[in-house]
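Geometric and topological summary
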Amino acid sequence: MAYRKTVASIVAAAAMLGTSSVSYAATEFTWWHAMGGRLGEVVNEISTGYNASQDACNLTPVFKGGYEDALTAGIAAFRAGEQPNILQVFDAGSATIIGAPGAVVPVEDLLKDNGVEFNIEDYIAGVRYFYADGEGKMIGMPFNSSAPILYVNEDAMKKAGVEAPKTYEEFEAIAPKLKEAGYVPLVQSHLPWEFVENFKSRHDLQFATNNNGYDGAEGTELIFGEPIRNHFKAVKKWLDADLFGYYGTGWGDNQAPFNEGKVALWIGSSGSFGGISKTVEFPFSATFLPYWDAVEGANKASFIGGAALFAMSGKSAEENKCTASFFEYLTSPEVQYMWHKETGYVPITEAAYELAKKDGHYDRTPAAEVGIQQLSLESGEWTKGYRMGFYVQVRDVMNRELGKVMSGETDVDNAFDVIKADGDKLLERFAKTTGN
């Protein structure tokens, strides 16, 4: 199916035609998602544009709350035989939905079976395999994909007379100057995603046995070696010396001081770019997530965060055909560029990335390209991601124990020993529930 209309013209046409333009013969299908606020508005715009682009299918998007709410609702609906056609599942929950026997139709199979051309090489490097199986078949369609990047308060850099660091060694050298200039030198917003998972990727370090879990759930165990333990020992020293700020596990609680101009460097999501550009009142830029130069093999690509769209099983051939056609529409360069421009999430295909460059988007807003560039860095053996079930709960264990490190209730080594012990029990329990 060729989509020759521009996204703007399709949405405008849909607005003029109204809901009455939908044919009564159109196949109805649903998309449960976790995008609130402005993101939810863009989801609705995409859905409206898709419905206006053809008359065989009618897509209804339904907001189901946050990521965990949407996943819980989707699993409960599947068990009751009332699942939606499309379910948005975030990175930490992907193994749970993929591991649920018979729950999803692999997106690669769905597209090919419905005559939609598919080539995994069409997707940008850091996106291709995170939601794939051990053999590289794409199971979930990447949607709101992002990378953890370093946002830079340019006023702070100027006042301190320093430049944004590429490495943590460089950060340690400039942090006292940023503190003297009156700023909290560094803050992050998600310890598991930014300082554990992507620490592993940026340093090309194995995260878990069984090929980071991609080769099966049975026997998968977490790996926490010396580099990541040393990293958190350094972070705790920074915290004690007022060179690092930690405001709990809430994403917004850690982002707010940066938005208010109190923080020099903030590690956040590339998907936050759109919101920040509309709210902060100081000049900012962005650069790659730092790495430790002393760790051999460092400075590799990060992997994505965010969420993917999964085609739920148990649907009619007509509904599956509609889901396939929507995925084709969603991944078209024009729609991906619109999504990227409106939200800050990366465009998931090379064609959309090229369209953004051709349109001069990064000439106007250079920071918007940083996430894509980081995902496109040299890959390594352990940079494609991880596949671990009950990982939402594993992240909870990380937040609990690493929070104790920050508050001084425990030390780094003890924290990681507990994370491994409790995390491995969760992984073992997941393996027993799935039988693989």
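Computed from a predicted structure; not experimentally measured.

A separate point is the overall build of the protein. Counting secondary structure elements, the protein contains 19 helices and 10 strands. Relative to its length of 436 residues, the protein is compact, with a C-alpha radius of gyration of 22 Å against a globular reference of 22 Å. For the protein, the spread of C-alpha atoms along the principal axes amounts to about 65 × 50 × 35 Å. Relative to its 436 residues, the protein shows a buried fraction of 56%. If you sum the accessible surface of the protein, you get close to 17500 Å²; carbon and sulfur atoms cover 49% of it. In the protein, 37 positive and 58 negative side-chain charges are present, and the distance between their average locations comes to 2 Å.

So, about the nonpolar core. If you look at the biggest cluster of nonpolar residues, it comprises 137 residues, and the most contacted ones within it are Phe 232, Trp 238, Leu 265, Phe 326 and Phe 327. When neighbours within four sequence positions are excluded, Phe 232 is seen to be in contact with Leu 191, Phe 195, Val 196, Leu 402, Met 406, Val 412 and Phe 416.

The next point concerns the packing of helix α2 (residues 37–53) against helix α13 (residues 317–330). Closest axis-to-axis distance for the α2/α13 pair is 11 Å, and the angle between their directions is 115°. Taken as axis vectors, α2 and α13 run roughly perpendicular relative to one another. Taken as a pair, α2 and α13 cross one another with a handedness that is right-handed. Of the residues in α13, those in contact with Ile 46, Gly 49, Tyr 50 and Ser 53 of α2 are Cys 322, Ser 325, Phe 326, Tyr 329 and Leu 330. The residue makeup of the contact of α2 with α13, split by class, is six nonpolar, three polar and no charged.

Bringing the pattern of salt bridges into the picture now. A full pass over the atoms with the stated rule returns 22 salt bridges. Arg 229 is paired through a salt bridge with Asp 417; the nearest N and O atoms lie 3.0 Å apart. With a gap of 188 residues between them, Arg 229 in helix α10 (residues 226–240) and Asp 417 in helix α19 (residues 412–434) connect regions that are remote in the sequence. Of the residues examined, Arg 229 reaches a relative accessible area of 14% and is grouped as buried. Overall, the relative accessible area of 43% leaves Asp 417 in the partly exposed class.

Tracing the backbone through its elements, the reader meets Leu 87 in strand β3 (residues 86–90). In this structure the C-alpha to C-alpha distance between Leu 87 and Trp 31, which are 56 residues apart in sequence, comes to 6.0 Å. Discounting chain neighbours no more than four positions away, the residues touching Leu 87 are Trp 32, Ala 70, Gly 74, Ile 97, Ala 308, Leu 309, Phe 310 and Met 312.

Glancing now at the confidence of the model for the protein. Taken as a whole, the protein shows an average pLDDT of 93; of its residues, 94% reach a score of 70 or greater. Low pLDDT (under 50) marks residues 1–7, which in the prediction has 13 contacts with non-local residues, meaning those over four places away or in another chain. A low-confidence stretch, residues 10–23 (pLDDT under 50), is modelled with 11 contacts involving residues beyond four sequence positions or located in other chains.

Residues Ala 352, Tyr 353 and Ala 356 constitute the buried set of helix α15 (residues 350–358). Across the axial projection of α15, the buried residues extend over an arc of 100°, all falling on one side. For α15, the secondary structure elements touched by its buried residues are α14 (333–343), α16 (361–364) and α17 (370–375). Two residues or fewer after α15 comes Gly 360, characterised by a positive phi angle close to 80°.

Here we take up the pairing of strand β6 (residues 148–153). With six of six residues buried, β6 lies mostly within the body of the structure. Here β6 shows a buried face lined by Pro 148, Leu 150 and Val 152 and a second buried face lined by Ile 149, Tyr 151 and Asn 153. As paired elements, β6 and strand β8 (residues 263–269) share five bridges and run antiparallel to each other. Bridge pairing in β8 links Leu 150 to Ile 267. Bridge count for β6 against strand β9 (residues 284–287) is four bridges, and the pairing is antiparallel. Paired with Asn 153 across the two strands is Phe 284, which belongs to β9.

For the rest of this paragraph, the subject is the packing of helix α8 (residues 191–202) against α10. Where α8 meets α10, the axes come as close as 10 Å, and the angle between the chain directions of the two elements is 140°. One finds that α8 runs oblique with respect to α10. The two elements α8 and α10 meet at a crossing, and its hand is right-handed. Only Pro 227, Ile 228, His 231, Phe 232 and Val 235 of α10 make contact with α8, whose side of the interface consists of Leu 191, Phe 195, Val 196, Phe 199 and Lys 200. When its residues are assigned to classes, the contact of α8 with α10 shows eight nonpolar, one polar and one charged.

Turning our attention to the sheet that holds β8. Reading across from one edge, β7-β8-β6-β9 is the order of the four strands in this open sheet, with mixed pairing throughout. This sheet does not close on itself; its edge strands, each paired only once, are β7 (184–188) and β9. For this sheet, the mean angle separating the axes of adjacent strands, direction not counted, is 25°. Bridge count between β7 and β8: four bridges; the pairing is parallel. Paired with Val 184 across the bridge in β8 is Val 263. Helix-sheet contacts for helix α11 (residues 251–259) involve β6, β7, β8 and β9, and the interaxial angle to β8 is about 145°.

Attention now goes to the state of the cysteines. For the structure shown, the criterion picks out one disulfide. Through a disulfide, Cys 57 is tied to Cys 322; the S-S separation comes to 2.0 Å. Judged by the torsion about the S-S bond (-85°), the Cys 57/Cys 322 disulfide is left-handed. Taken together, the residues span a long stretch of sequence, with Cys 57 in strand β2 (residues 57–63) and Cys 322 in helix α13 at a distance of 265 residues. By relative accessible area, Cys 57 is classed as buried at 8%.

Conventions we followed
- Residues numbered from 1 in each chain as written.
- Predicted model: local features only at pLDDT ≥ 70, side-chain atom pairs only at ≥ 80, totals over all residues.
- Heavy atoms only, no water.
- Helix = DSSP H or I, 4+ residues; strand = E, 2+ residues; numbered from the N terminus.
- Rg over C-alpha atoms; globule rule 2.2 N^0.38 Å.
- Buried < 20%, exposed > 50% of the residue type's maximum accessible area, 1.4 Å probe, protein only.
- Areas by Shrake-Rupley, 256 points an atom, 1.4 Å probe, with all protein chains shown as cover.
- Lys, Arg positive; Asp, Glu negative; His and termini not counted.
- Charge placed at Lys NZ, Arg CZ, Asp CG, Glu CD.
- Core = buried A, V, L, I, M, F, W, Y, C linked by side-chain atoms within 4.5 Å.
- Contact = heavy atoms within 4.5 Å.
- Axes fitted to C-alpha atoms, helices over the stretch in contact; angles between N-to-C directions.
- Parallel < 35°, antiparallel > 145°, perpendicular 65-115°, else oblique.
- Left-handed = near helix turned anticlockwise from the far one by under 90°.
- Nonpolar A, V, L, I, M, F, W, Y, C, P; charged D, E, K, R; others polar.
- Salt bridge = Lys/Arg side-chain N within 4 Å of Asp/Glu carboxyl O.
- pLDDT = per-residue confidence, 0-100.
- Arc of directions from axis to C-beta.
- Pairing = 2+ DSSP bridges.
- Disulfide = S-S within 2.5 Å.

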